[in-house]
Amino acid sequence: MTRRLLIVEDDPGLQSQMRWCFNEDLDITVASDRESALAALRRVEPDVVTLDLGLPPDPGGSSEGFSLLEEILRLASLTKVIVVTGREDKENAVKAIGMGACDFYQKPLDADILNFVVNRAFRLAELERENQDLARQRNGANIKGIVAASPQMLAICRTLEKVAPTDVTTLITGETGTGKELLARAIHDLSHRSRKPFAAINCAAIPENLLESELFGFEKGSFTGATQTKKGKIESANGGTLFLDEIGDMPMALQAKLLRFLQERVVDRVGSVQPIPVDVRVVCATHRDVKSLIDSGDFREDLYYRISEITLDVPAVRDREGDALVIAQSLLKNLGKQMDRPTLTFSEDAIDAISSYAWPGNVREMINKVKRATIMADGKRVTAEDLELPSEHTSHDHQLNLRQVRENAERQAIVQALRTCNFNVAQTSRLLGVTRPTLYNLTDKYRIETSAEASKT
Ligand SMILES: Nc1ncnc2c1ncn2[C@@H]1O[C@H](COP(=O)(O)OP(=O)(O)OP(=O)(O)O)[C@@H](O)[C@H]1O
């Protein structure tokens, strides 16, 4: 693989000197300011960046260089940054290393030393990447429970792996059954909170008057029936993760209370004036379009910005290339084992049907259909019919037998003609261009009733 180097240097003379220092087999991009450096970072995805701290508009100082360093490390945490400083500038070099730069290099340029430093950074980047790949391979589909092969879902898994160890509030959107809760659990499992509780609450499933006390808890005697003080879901998730499913359905009054919690990180139990501090990471999900809920006045915009520090948009199964089949195969394997039918496989028509069906209920619908098919399948093959999916093969199968096709057509034509002629046999035989005895022979053969009354029974 070609090694990609980004040189961030505003001095044209130094730019060409640096280019000249390196071997031709390096893929080198040069940027002279922060904006072009960030554009190149996104476009080229360099493994190593050399960064001159003195960039415009502060070429004599280092403020612009440090801001860029911070941004590079935030956007591309695996990229190795070597800061280039002036000869006497030890202080800034140390500061840059403290911020996460991998090394520093002091001017004036010395081709051998610069090559040595840059090569070492490349080697470090490669080792880290190899390490990460190995860790991923060990973990099968990368994240426990998530079966995915499409680039769309793999990208979501990669983002999730980065987001999970942080505490950022995450919003997961997507159609019903796409795996939003599964991803929320994965965020929890991959975080430092994994040994603490994961508390989930479905905001759409709980009546409005109960949701507040479910979430925030209540004090004894705060309302009729409150015989005991009870902790709410938020408190019970202390130290762990709170998953608010169907957040788009949260009533407006509660949205204000949730916003206060997210800002101040304290809960007020119903009937109490004593705020209780709680440390939870919040993950929300919805199948609704929150932006249009905001437009219609059903969702607070300020709350939306609080809950969506990071958003994961989970695509529908039909929009993920190849996922329908790999998920169905994995479900058949697991359900087959559970139901003592481990050797079941999909027939060709089932494979075509799974790939072409739109799966409006996404993975949840798939689970139901595969479960049904695991029970219904005769023999070792699961067909499209077992899955209750439309199959193109079914009609082809009928057409394989020409005699059957002809007979079906003949039968249909006779029934149609009899109806048209009000079951008058003489007229029907004329319409069909056959003699009456021939028509009787045919109606006997196909067991077609020739009287109107009998045909209704
Ligand atoms: N990629 C996947 N691989 C394996 N199983 C999956 C995948 N995605 C979803 N599932 C399974 O499908 C079912 C539905 O997933 P989940 O409940 O996470 O969906 P959801 O988007 O939260 O649905 P809803 O919006 O209706 O609450 C679960 O049993 C889940 O384990």
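In the annotation of an unreviewed UniProt entry, the protein is listed under the name PEP-CTERM-box response regulator transcription factor and assigned to Marinobacter qingdaonensis.

Draft legend 1. Layout of the overall build of the protein. In terms of regular secondary structure, the protein is built from 20 helices and 16 strands. In the protein, buried positions account for 30% of the 457 residues. Considering only residue pairs separated by 6 or more positions, the protein has 65% of its internal contacts joining residues 24 or more positions apart.

Draft legend 2. Representation of helix α19 (residues 436-445). Of all 10 residues that make up α19, 1 are buried, and the element is exposed over most of its length. Where α19 ends, the next residue or the one after it, arginine 447, has phi of about 50°, a positive value.

Draft legend 3. Seen up close, unusual backbone geometry. The linkage connecting proline 56 with the following residue, proline 57, adopts the cis geometry, with an omega of 10°. Take proline 57: it is sitting in the loop between β3 (48-52) and α3 (63-75). For the bond running from lysine 107 to proline 108, omega is 5°, close enough to zero to count as cis. Locating proline 108 in the fold gives a position in the loop between β5 (103-106) and α5 (111-138). Positive phi, close to 50°, is recorded for glutamate 45, a residue that is not glycine. With respect to the secondary-structure elements, glutamate 45 resides in the loop between α2 (34-44) and β3.

Draft legend 4. Layout of the sheet that holds strand β13 (residues 281-286). An order of β7-β10-β13-β6-β14 is seen for the 5 strands of this open sheet, with the pairing classed as parallel. Looking at strand neighbours, the two that pair on one side only are β7 (198-202) and β14 (310-313), the edges of this open sheet. Strand-to-strand twist in this sheet, taken as the mean axis angle between neighbours without regard to direction, amounts to 15°. Bridging between strand β6 (residues 170-173) and β14 involves 4 bridges; their strand directions are parallel. Bridge pairing links isoleucine 172 to leucine 312 in β14.

Draft legend 5. How the structure looks around the sheet that holds β5. Across the sheet, 5 strands lie side by side as β2-β1-β3-β4-β5; this open sheet has parallel pairing. Of all strands in the sheet, those bounded by a partner on one side alone are β2 (26-31) and β5. Averaged over all pairs of adjacent strands, the angle between their axes in this sheet comes to 20°, without regard to strand direction. By the bridge criterion, 4 bridges tie strand β4 (residues 80-85) to β5 in an arrangement that is parallel. For isoleucine 82, the partnering residue across the bridge sits in β5 and is aspartate 103. Packing of α2 onto the sheet brings it into contact with β1 (3-8) and β2, and relative to β1 it is tilted by some 175°.

Draft legend 6. Structural detail: the packing of helix α13 (residues 323-338) against helix α14 (residues 348-356). Close contact between α13 and α14 brings their axes to 8 Å; oriented N to C, the two are set at 125°. The orientation of α13 with respect to α14, classified from their angle, is oblique. Like other packed secondary-structure pairs, α13 and α14 cross with a definite hand, here right-handed. Taken together, the residues of α14 that come into contact with α13 (itself represented by Ala324, Leu325 and Ala328) are Ile351, Ile354 and Ser355. Residue classes in the contact of α13 with α14 are distributed as 5 nonpolar, 1 polar and no charged.

Draft legend 7. How the structure looks around the nonpolar core. Counting residues in each nonpolar core, the largest one holds 41 residues, and the members touching the most others are Leu160, Ile172, Leu183, Ile234, Leu242, Leu244 and Cys284. Leucine 183 has contacts with Leu160, Ile172, Leu312 and Val314, leaving out every residue within four places of it along the chain. Counting 27 residues, the second largest nonpolar core, distinct from the first, contains Ile7, Val8, Leu51 and Val118.

Draft legend 8. Summary view of the site of the ligand. The ligand sits among 18 residues. The nearest are Val147, Gly179, Lys180, Glu181 and Val363. Of all the elements in the fold, those that place two or more residues in the shell around the ligand are α7 (180-189) and α15 (362-376). When the residues that make up the shell around the ligand are grouped by side-chain class, the tally is 8 nonpolar, 6 polar and 4 charged. Each of domain 2 (151-313) and domain 3 (318-397) gives at least three residues to the shell around the ligand.

Draft legend 9. Spatial organisation of the pairing of β6. What you see with β6 is no split at all: Thr170 and Ile172 on one side and Leu171 and Thr173 on the other are buried throughout. Bridge analysis of β6 against β13 gives 4 bridges, and the strand direction is parallel. Across the sheet, the residue bridging to isoleucine 172 is alanine 285, located in β13.

Draft legend 10. Inspection of the pairing of strand β10 (residues 241-245) at higher detail. Of all 5 residues in β10, 5 are buried; the element is thus mostly enclosed. One ladder, built from 5 bridges, connects β7 with β10; its direction is parallel. If you follow asparagine 202 over to β10, its bridge partner there is aspartate 245. Across 4 bridges, the pairing between β10 and β13 is parallel. Looking across to β13, one finds that leucine 242 is bridged to valine 282.

Draft legend 11. Broad picture of the environment of isoleucine 414. You can see isoleucine 414 is positioned in helix α17 (residues 402-420). The buried category is assigned to isoleucine 414, around which 21 C-beta atoms lie within 10 Å. Each C-alpha atom, one on isoleucine 414 and one on leucine 439, is 8.3 Å from the other, the two residues being 25 residues apart in sequence. When neighbours within four sequence positions are excluded, isoleucine 414 is seen to be in contact with Leu432, Leu442, Thr443, Tyr446 and Ile448.

Cut-off values and rules
The written sequence of each chain sets the order in which its residues are numbered from 1. Whole-chain, interface and lining totals are the exception, using all residues; otherwise, since this is a predicted model, local features are given only for residues with pLDDT of at least 70 and side-chain atom pairs are given and counted only at 80 or more. By definition, any uninterrupted DSSP run of H or I lasting at least four residues is a helix, any uninterrupted run of E lasting at least two residues is a strand, and each is numbered from the N terminus. Three exposure classes are used, based on other C-beta atoms lying within 10 Å of a residue's own C-beta, which is placed from the backbone: buried for 20 or more, exposed for 12 or fewer, and partly exposed in between. For every residue pair, C-beta atoms are placed from the backbone, and the pair is scored as a contact if these atoms sit within 7 Å. Should DSSP find at least two bridges between two strands, the strands are taken to pair. Only the contacting stretch of a helix is used when fitting its axis, a line to C-alpha atoms as for every element, and angles between N-to-C directions run 0 to 180 degrees. Oblique is the label for every angle not falling under 35 degrees (roughly parallel), over 145 degrees (roughly antiparallel), or within 65 to 115 degrees (roughly perpendicular). Crossings are assigned a handedness: left-handed for a near helix turned anticlockwise from the far helix by less than a right angle, right-handed for a clockwise turn. Gly falls in the polar group here, along with every residue not listed as nonpolar (Ala, Val, Leu, Ile, Met, Phe, Trp, Tyr, Cys, Pro) or charged (Asp, Glu, Lys, Arg). Among buried residues, those of type Ala, Val, Leu, Ile, Met, Phe, Trp, Tyr and Cys that are joined through C-beta atoms within 7 Å form a set called a nonpolar core. Any residue whose backbone-placed C-beta atom lies within 6 Å of a molecule or strand is treated as near that molecule or strand. Either an automatic procedure or a domain database provided the assignment from which the domain bounds are taken.

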